[in-house]
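Below are the chains, spelled out letter by letter.
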Amino acid sequence: SGKTPPSHSTGGNLNQHQVTPLHSSSVLQDIGTAARHAPSSRGAAPAPAHTRPKMLVLLAGIFVVHIATVIMLFVSTIANVWMVGSSNFGTISTGLWLLCNKTCSQLPVSSQDEASLKAVQAFMILSIIFSVVALVLFIIQLFTLEKGKRFYMTGAVMLVCWMCILIAVSIYTARFTGAVAYSTNPHHGYCFILAWICFCFSFIIGILYLVLRKK
(Lines give C-alpha, C1' and ligand atoms only; values in the text may rest on other atoms or scores of the structure.)
Protein backbone atom coordinates (compact mmCIF):
# COMPACT_ATOMS: atom_id res chain seq x y z
CA SER A 1 0.00 0.00 0.00
CA GLY A 2 3.05 2.43 0.51
CA LYS A 3 4.56 1.80 -2.93
CA THR A 4 4.74 4.64 -5.45
CA PRO A 5 2.48 4.10 -8.42
CA PRO A 6 4.42 3.10 -11.51
CA SER A 7 2.51 5.54 -13.65
CA HIS A 8 3.97 8.51 -11.68
CA SER A 9 7.61 7.41 -12.20
CA THR A 10 7.00 6.89 -15.87
CA GLY A 11 5.64 10.40 -16.21
CA GLY A 12 8.76 11.83 -14.53
CA ASN A 13 11.02 10.04 -16.97
CA LEU A 14 9.01 11.36 -19.89
CA ASN A 15 9.34 14.92 -18.55
CA GLN A 16 13.11 14.60 -18.36
CA HIS A 17 13.34 13.32 -21.93
CA GLN A 18 11.19 16.18 -23.15
CA VAL A 19 13.31 18.94 -21.49
CA THR A 20 16.70 17.68 -22.68
CA PRO A 21 16.22 18.28 -26.44
CA LEU A 22 14.99 21.81 -25.80
CA HIS A 23 18.07 22.61 -23.75
CA SER A 24 20.42 21.17 -26.45
CA SER A 25 18.79 23.16 -29.23
CA SER A 26 19.19 26.43 -27.29
CA VAL A 27 22.90 25.74 -26.73
CA LEU A 28 23.41 25.16 -30.46
CA GLN A 29 21.66 28.42 -31.26
CA ASP A 30 23.92 30.30 -28.85
CA ILE A 31 27.03 28.74 -30.44
CA GLY A 32 25.84 29.67 -33.92
CA THR A 33 25.14 33.26 -32.89
CA ALA A 34 28.58 33.60 -31.28
CA ALA A 35 30.25 32.19 -34.38
CA ARG A 36 28.47 34.68 -36.63
CA HIS A 37 29.49 37.65 -34.50
CA ALA A 38 33.06 36.47 -33.89
CA PRO A 39 35.75 38.46 -35.85
CA SER A 40 37.34 36.63 -38.73
CA SER A 41 41.06 35.89 -38.31
CA ARG A 42 41.66 36.29 -42.02
CA GLY A 43 40.62 39.93 -42.05
CA ALA A 44 42.04 40.84 -38.67
CA ALA A 45 45.02 42.82 -40.02
CA PRO A 46 44.39 44.02 -43.58
CA ALA A 47 47.31 45.61 -45.41
CA PRO A 48 46.96 49.38 -45.78
CA ALA A 49 45.80 50.01 -49.32
CA HIS A 50 46.97 53.64 -49.43
CA THR A 51 50.71 52.90 -49.08
CA ARG A 52 51.13 51.13 -52.43
CA PRO A 53 49.93 54.04 -54.65
CA LYS A 54 52.20 56.45 -52.77
CA MET A 55 55.18 54.15 -53.27
CA LEU A 56 54.43 53.81 -57.00
CA VAL A 57 54.23 57.58 -57.38
CA LEU A 58 57.52 58.03 -55.50
CA LEU A 59 59.31 55.40 -57.61
CA ALA A 60 57.92 56.96 -60.80
CA GLY A 61 59.20 60.36 -59.72
CA ILE A 62 62.66 58.98 -58.96
CA PHE A 63 62.68 57.25 -62.36
CA VAL A 64 61.82 60.52 -64.16
CA VAL A 65 64.49 62.48 -62.27
CA HIS A 66 67.02 59.74 -63.03
CA ILE A 67 66.28 59.93 -66.76
CA ALA A 68 66.55 63.73 -66.63
CA THR A 69 69.93 63.40 -64.90
CA VAL A 70 71.22 61.07 -67.62
CA ILE A 71 70.07 63.48 -70.35
CA MET A 72 71.66 66.48 -68.63
CA LEU A 73 74.92 64.58 -68.23
CA PHE A 74 74.96 63.83 -71.96
CA VAL A 75 74.28 67.47 -72.81
CA SER A 76 76.85 68.91 -70.41
CA THR A 77 79.54 66.52 -71.63
CA ILE A 78 78.92 66.85 -75.36
CA ALA A 79 78.02 70.53 -75.70
CA ASN A 80 80.87 73.01 -75.65
CA VAL A 81 79.40 75.73 -73.44
CA TRP A 82 81.23 75.31 -70.15
CA MET A 83 82.78 78.80 -70.38
CA VAL A 84 81.49 81.73 -72.43
CA GLY A 85 83.29 84.95 -73.36
CA SER A 86 82.92 87.85 -75.77
CA SER A 87 85.31 89.01 -78.50
CA ASN A 88 85.42 91.16 -81.61
CA PHE A 89 84.16 88.18 -83.59
CA GLY A 90 81.16 87.55 -81.33
CA THR A 91 80.53 85.15 -78.49
CA ILE A 92 83.14 82.46 -77.87
CA SER A 93 82.37 79.33 -75.90
CA THR A 94 84.58 76.50 -74.77
CA GLY A 95 83.77 73.02 -73.51
CA LEU A 96 85.61 69.82 -72.84
CA TRP A 97 86.45 69.20 -76.47
CA LEU A 98 86.20 72.28 -78.72
CA LEU A 99 86.37 76.06 -78.86
CA CYS A 100 83.40 77.47 -80.77
CA ASN A 101 82.63 80.87 -82.28
CA LYS A 102 80.84 80.69 -85.62
CA THR A 103 82.70 77.48 -86.22
CA CYS A 104 84.37 75.05 -83.85
CA SER A 105 88.03 74.15 -83.64
CA GLN A 106 90.27 72.12 -81.37
CA LEU A 107 90.37 73.47 -77.83
CA PRO A 108 93.75 75.11 -77.20
CA VAL A 109 95.17 73.79 -73.95
CA SER A 110 98.59 74.30 -72.43
CA SER A 111 100.76 71.31 -71.61
CA GLN A 112 100.24 71.97 -67.91
CA ASP A 113 96.46 71.74 -68.21
CA GLU A 114 96.28 68.90 -70.73
CA ALA A 115 96.26 66.17 -68.09
CA SER A 116 93.60 68.02 -66.09
CA LEU A 117 91.39 68.35 -69.14
CA LYS A 118 91.70 64.65 -69.93
CA ALA A 119 90.80 63.84 -66.34
CA VAL A 120 87.66 65.98 -66.58
CA GLN A 121 86.71 64.29 -69.85
CA ALA A 122 87.28 60.82 -68.43
CA PHE A 123 85.29 61.38 -65.23
CA MET A 124 82.36 62.96 -67.09
CA ILE A 125 82.23 59.97 -69.44
CA LEU A 126 82.38 57.62 -66.44
CA SER A 127 79.53 59.52 -64.79
CA ILE A 128 77.37 58.95 -67.87
CA ILE A 129 78.23 55.24 -67.90
CA PHE A 130 77.47 54.77 -64.21
CA SER A 131 74.21 56.73 -64.42
CA VAL A 132 72.99 54.56 -67.31
CA VAL A 133 74.06 51.37 -65.51
CA ALA A 134 72.20 52.53 -62.37
CA LEU A 135 69.06 53.20 -64.44
CA VAL A 136 69.18 49.71 -65.98
CA LEU A 137 69.78 48.14 -62.55
CA PHE A 138 66.80 50.01 -61.12
CA ILE A 139 64.51 48.70 -63.85
CA ILE A 140 65.78 45.14 -63.35
CA GLN A 141 65.47 45.27 -59.56
CA LEU A 142 62.01 46.80 -59.83
CA PHE A 143 60.74 43.55 -61.35
CA THR A 144 63.05 41.00 -59.69
CA LEU A 145 63.64 42.35 -56.18
CA GLU A 146 61.66 40.76 -53.34
CA LYS A 147 59.21 42.90 -51.38
CA GLY A 148 60.76 44.66 -48.41
CA LYS A 149 64.25 44.77 -49.94
CA ARG A 150 66.14 47.96 -50.65
CA PHE A 151 67.77 49.03 -53.93
CA TYR A 152 71.30 48.78 -52.54
CA MET A 153 73.01 47.98 -55.85
CA THR A 154 71.32 50.81 -57.74
CA GLY A 155 72.06 53.30 -54.96
CA ALA A 156 75.72 52.31 -54.76
CA VAL A 157 76.24 52.71 -58.53
CA MET A 158 74.46 56.07 -58.48
CA LEU A 159 76.71 57.32 -55.68
CA VAL A 160 79.75 56.31 -57.75
CA CYS A 161 78.28 58.45 -60.57
CA TRP A 162 77.92 61.31 -58.08
CA MET A 163 81.56 60.95 -57.06
CA CYS A 164 82.71 61.06 -60.70
CA ILE A 165 80.75 64.26 -61.32
CA LEU A 166 82.21 65.81 -58.17
CA ILE A 167 85.78 65.05 -59.25
CA ALA A 168 85.25 66.28 -62.82
CA VAL A 169 83.56 69.55 -61.92
CA SER A 170 86.02 70.25 -59.12
CA ILE A 171 89.00 69.85 -61.44
CA TYR A 172 87.39 72.04 -64.09
CA THR A 173 86.54 74.73 -61.52
CA ALA A 174 90.10 74.76 -60.19
CA ARG A 175 91.93 74.71 -63.53
CA PHE A 176 89.74 76.24 -66.23
CA THR A 177 87.40 78.79 -64.61
CA GLY A 178 87.86 82.19 -66.27
CA ALA A 179 90.08 80.78 -69.02
CA VAL A 180 88.54 81.43 -72.45
CA ALA A 181 91.03 82.00 -75.24
CA TYR A 182 90.73 85.11 -77.42
CA SER A 183 87.88 86.56 -75.30
CA THR A 184 87.06 88.96 -72.49
CA ASN A 185 84.55 88.88 -69.63
CA PRO A 186 84.43 85.08 -69.35
CA HIS A 187 81.69 83.44 -67.33
CA HIS A 188 80.30 79.96 -66.83
CA GLY A 189 77.97 78.53 -69.44
CA TYR A 190 74.90 76.34 -69.08
CA CYS A 191 76.88 73.07 -69.37
CA PHE A 192 78.81 73.91 -66.21
CA ILE A 193 75.52 74.66 -64.42
CA LEU A 194 73.94 71.44 -65.69
CA ALA A 195 76.91 69.47 -64.37
CA TRP A 196 76.37 70.86 -60.86
CA ILE A 197 72.63 70.15 -61.08
CA CYS A 198 73.44 66.54 -62.04
CA PHE A 199 75.79 66.42 -59.07
CA CYS A 200 72.93 67.32 -56.70
CA PHE A 201 70.37 65.05 -58.38
CA SER A 202 72.65 62.02 -58.46
CA PHE A 203 73.37 62.34 -54.72
CA ILE A 204 69.68 62.67 -53.81
CA ILE A 205 68.68 59.76 -56.06
CA GLY A 206 71.47 57.56 -54.71
CA ILE A 207 70.41 58.17 -51.10
CA LEU A 208 66.75 57.51 -51.94
CA TYR A 209 67.65 54.22 -53.59
CA LEU A 210 69.45 53.14 -50.42
CA VAL A 211 66.60 54.18 -48.12
CA LEU A 212 63.51 53.06 -50.02
CA ARG A 213 62.09 49.57 -49.78
CA LYS A 214 60.14 47.82 -52.47
CA LYS A 215 56.50 47.49 -51.42
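Before reading further, recall that the structure is shown in the block above.
Residues numbered from 1 in each chain as written. Predicted model: local features only at pLDDT ≥ 70, side-chain atom pairs only at ≥ 80, totals over all residues. Heavy atoms only, no water.

**Concerning the overall build of the protein chain**
So, step 1. Of regular secondary structure, the protein chain possesses five helices and five strands.
So, step 2. Moving toward the C terminus, one meets the helices and strands of the protein chain in the order α-α-β-β-β-β-α-α-β-α.
So, step 3. Looking at the 215 residues of the protein chain, the share that counts as buried comes to 31%.
So, step 4. A sequence separation of at least 24 residues applies to 73% of the contacts in the protein chain between residues at least 6 apart. (Helix = DSSP H or I, 4+ residues; strand = E, 2+ residues; numbered from the N terminus. Buried < 20%, exposed > 50% of the residue type's maximum accessible area, 1.4 Å probe, protein only. Contact = heavy atoms within 4.5 Å.)

**Regarding the nonpolar core**
Grouped burial of nonpolar side chains is what soluble globular proteins tend to show.
So, step 1. Core analysis: the biggest nonpolar cluster contains 41 residues, and Leu73, Trp82, Met124, Ile165, Tyr172 and Tyr209 have the highest contact counts within it.
So, step 2. Of all the elements in the fold, those that place two or more residues in this core are α2 (51-78), β1 (83-87), α3 (111-144), α4 (152-176) and α5 (190-211).
So, step 3. Here this core gets nine residues from one element, more than from any other, and that element is α4.
So, step 4. If sequence neighbours within four positions are ignored, Trp82 has contacts with Ser76, Thr94, Gly95, Leu96, Met124, Tyr172, His187, His188, Gly189, Cys191, Phe192 and Ala195. (Core = buried A, V, L, I, M, F, W, Y, C linked by side-chain atoms within 4.5 Å.)

**Regarding the state of the cysteines**
So, step 1. Per the counting criterion, the structure on display carries one disulfide.
So, step 2. The disulfide bridge from Cys100 ends at Cys104, spanning 2.0 Å between sulfur atoms. Taking the sign of the torsion about the S-S bond as the criterion, the disulfide between Cys100 and Cys104, at about 110°, is right-handed.
So, step 3. Using a relative accessible area of 11% as the deciding quantity, one classes Cys100 as buried.
So, step 4. With a relative accessible area of 47%, Cys104 lands in the partly exposed category.
So, step 5. We note that Cys161 lacks a disulfide partner, and the nearest cysteine sulfur, in Cys164, lies 6.7 Å from it.
So, step 6. The buried category is assigned to Cys161, whose relative accessible area is 0%. (Disulfide = S-S within 2.5 Å.)

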